[in-house]
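Here's the letter readout for the chains.
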Amino acid sequence: MEVRDAQVPCRIVDIEDILGTCLPDRRLLPDVRYLQLLLADPKHLQTEIGKLIAMRLRRMHSPHIDEELPYHPITLGLFKYAAYGQNGLGFFSEDHNVEDSACEDIQCHISGSPLEPSEIKVKEMKPSPANPDGIHNNKEGLSKIYKCVKSKYLDDRPSPVASLGVLVTRCEAVWFVEYLWHKEECDGSVTWQLKHCRVAPKFAAPDFPAGLMVATLHLQSLEDRQGHIGLSKFMLWANHHKAAPPQGFRWLTQYVERLAVKHGLPITPVGLRPVEPQKPLLTLQDAVIVGQGHRSLVVRLAPDDDFVVKISSTANTNREHNMHMKAVYSKCQHLRKAVPNLRGVVEGAGEGLSFIGLQLFCPGTISKAHVLSDSSKTTYINQARNLCKFIAIGIFLHSLHVLQPNQSICFAWS
């Protein structure tokens, strides 16, 4: 096989050389789609993640036990959420009912037809002195992608063809592989020749890979996990409860964008659509994240805005809007007010996300520099005293049936 036998140029390149540069107005798309993942709890994956944990428990006692199939559903779930909201493009699992030696582990369907393959392996082979770039040490996975493309996805396509696949180790990290093919005709027969192979990012040695998605190498005390968990809890647990998307998921979202452009699909707009039909779509081009949690994403749309926008599930946003509609601000002086007429739905990441505007913007947390003088100490002590008022505010809102005891609320300093 050409990749396996090193008969074509193969090299490591920068990630931008394969995926391109992320446009400014789409910088936050991975964060919004990752929020969809964290808000979801796919029931069908709970059993699969349980199987994966059980397999890894066995692996702790026998390092040679590492089965590939338990990683497939989790990896497919990450692919699906990276593409959430992009019309005409979707990812599907391998069809095990078809006898096909060149069947990819994850199929990417473009306008209903499979085109760009992805392959999952259980081990990343590190670079070595003989192969410092690591490409040929990982020839098994790269050759499988090559075989899928050459045997199924080149016929009737105009030359040259640049195929773009993904190599995944377990569900932990991703590498993007570009093969450039040229059609050659001789004596009435047509053959496709591979001209080059490019891979990004580089294979790690010995650090964690740059395209990390799930830090499963950090998982400890697996025996303490009881029952089945969904994909969202698994991601938070595996990545030390960080709510920001890992770099591999960001690149996977960018990979989806690259495929959509490559195959002429209309790119799904990303932005905030106000409920008032006369208002235009609010872009996220200049938006800056000021808060990122397991249930919401808070952004500042422009550097000089004195308000923030909170993105969460439609149910959560409607509940918060209902709370502000019923709250009497004269009796709740420290309740953070909603921005009038600034609410709507989020576009570009599928259905189910909405937003609401909240007044005031806090530039950061209190640090030692804030209390160096007596006057600043007095200011912050007085503001700290307002904390005791928050309990009374919560009781008041609860009496209006707009806030449950386990629900949080944003307050503004006076």
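Whatever comes next refers back to the structure up there.
Just so it is clear, the structure is predicted and the values come from calculations on it, not from any experiment.

Asker: Requested: an account of the side chain of Ser-354, with residues and values cited.
Answerer: Along the chain, Ser-354 turns up in strand β13 (residues 353-359). The contacts of Ser-354, once residues within four sequence positions are left out, are Lys-310, Ile-311, Ser-312, Ser-313, Thr-314, Thr-317, Gly-344, Val-345 and Val-346.

Asker: Give me the lowdown on the environment of Leu-212, citing residues and values where you can.
Answerer: Relative to the elements of secondary structure, Leu-212 occurs in the loop between β7 (189-200) and α6 (231-238). For the pair Leu-212 and Cys-171, spaced 41 residues apart in the sequence, the C-alpha separation amounts to 9.0 Å. Ignoring any residue separated from it by four or fewer positions in sequence, one finds Leu-212 in contact with Glu-172, Ala-173, Pro-246, Gln-247, Gly-248 and Phe-249.

Asker: Which residues make up the packing of aromatic side chains, and what values do they have?
Answerer: Overall, the coordinates contain eight aromatic pairs when judged by the stated rule. For the pair Tyr-34 and Phe-249, a centre-to-centre distance of 5.1 Å together with 65° between the ring planes defines the contact as edge-to-face. Linking Tyr-34 in helix α2 (residues 29-39) with Phe-249 in helix α7 (residues 247-262), this pair joins segments that are 215 residues apart in sequence. For Tyr-34, a relative accessible area of 0% corresponds to the buried category. The class for Phe-249 is buried, based on a relative accessible area of 0%.

Asker: How would you explain the packing of helix α4 (residues 72-82) against α6 if you had to name every residue and give the values?
Answerer: Running from N to C, α4 and α6 point in directions that differ by 100°, and their axes come no closer than 11 Å. By the angle between their directions, the pair α4 and α6 is classed as roughly perpendicular. Facing α4, whose interface residues are Ile-74, Gly-77, Leu-78 and Tyr-81, α6 presents Leu-231, Phe-234 and Met-235. Its residues assigned to classes, the contact of α4 with α6 shows six nonpolar, one polar and no charged.

Asker: I'd love a proper account of the nonpolar core, names of residues and values included.
Answerer: In terms of nonpolar packing, the biggest core is built from 53 residues, with Leu-37, Leu-89, Phe-91, Phe-176, Leu-231, Phe-234 and Tyr-255 touching the most fellow members. Among the elements that line this core, the one with the most residues is α7, at seven residues. When sequence neighbours within four positions are dropped, the list of residues in contact with Tyr-255 reads Leu-19, Phe-91, Glu-116, Ser-118, Leu-164, Gly-165, Val-166 and Phe-176. Counting residues in hydrophobic clusters, the runner-up holds 21 residues, among them Leu-35, Phe-307, Ile-311 and Leu-342.

Asker: Outline the sheet that holds strand β5 (residues 161-169), supporting the account with residue identities and numerical values.
Answerer: If you walk across this open sheet you meet the seven strands as β1-β7-β6-β5-β4-β3-β2, and the pairing is mixed. A strand with exactly one partner marks an edge of an open sheet, and here the two such strands are β1 (10-12) and β2 (89-93). Neighbour-to-neighbour, the strand axes of the sheet open up by a mean angle of 25°, direction not taken into account. Note that β5 and strand β6 (residues 173-186) share nine bridges and pair antiparallel. Bridge assignment links Leu-164 to a residue of β6, and that residue is Glu-178. Against the sheet, helix α5 (residues 139-152) makes contact with β4 (113-121), β5, β6 and β7, and its axis sits at roughly 45° relative to β6, the strand it touches most. This element, α7, spans β2, β3 (106-110), β4, β5 and β6 of the sheet and lies at about 160° to β5.

Definitions and cut-offs
Residues numbered from 1 in each chain as written. Predicted model: local features only at pLDDT ≥ 70, side-chain atom pairs only at ≥ 80, totals over all residues. Heavy atoms only, no water. Helix = DSSP H or I, 4+ residues; strand = E, 2+ residues; numbered from the N terminus. Contact = heavy atoms within 4.5 Å. Phe/Tyr/Trp six-rings, centres within 6.5 Å; stacked < 30°, edge-to-face > 60°. Buried < 20%, exposed > 50% of the residue type's maximum accessible area, 1.4 Å probe, protein only. Axes fitted to C-alpha atoms, helices over the stretch in contact; angles between N-to-C directions. Parallel < 35°, antiparallel > 145°, perpendicular 65-115°, else oblique. Nonpolar A, V, L, I, M, F, W, Y, C, P; charged D, E, K, R; others polar. Core = buried A, V, L, I, M, F, W, Y, C linked by side-chain atoms within 4.5 Å. Pairing = 2+ DSSP bridges.

Just distances and angles here, no functional claims.
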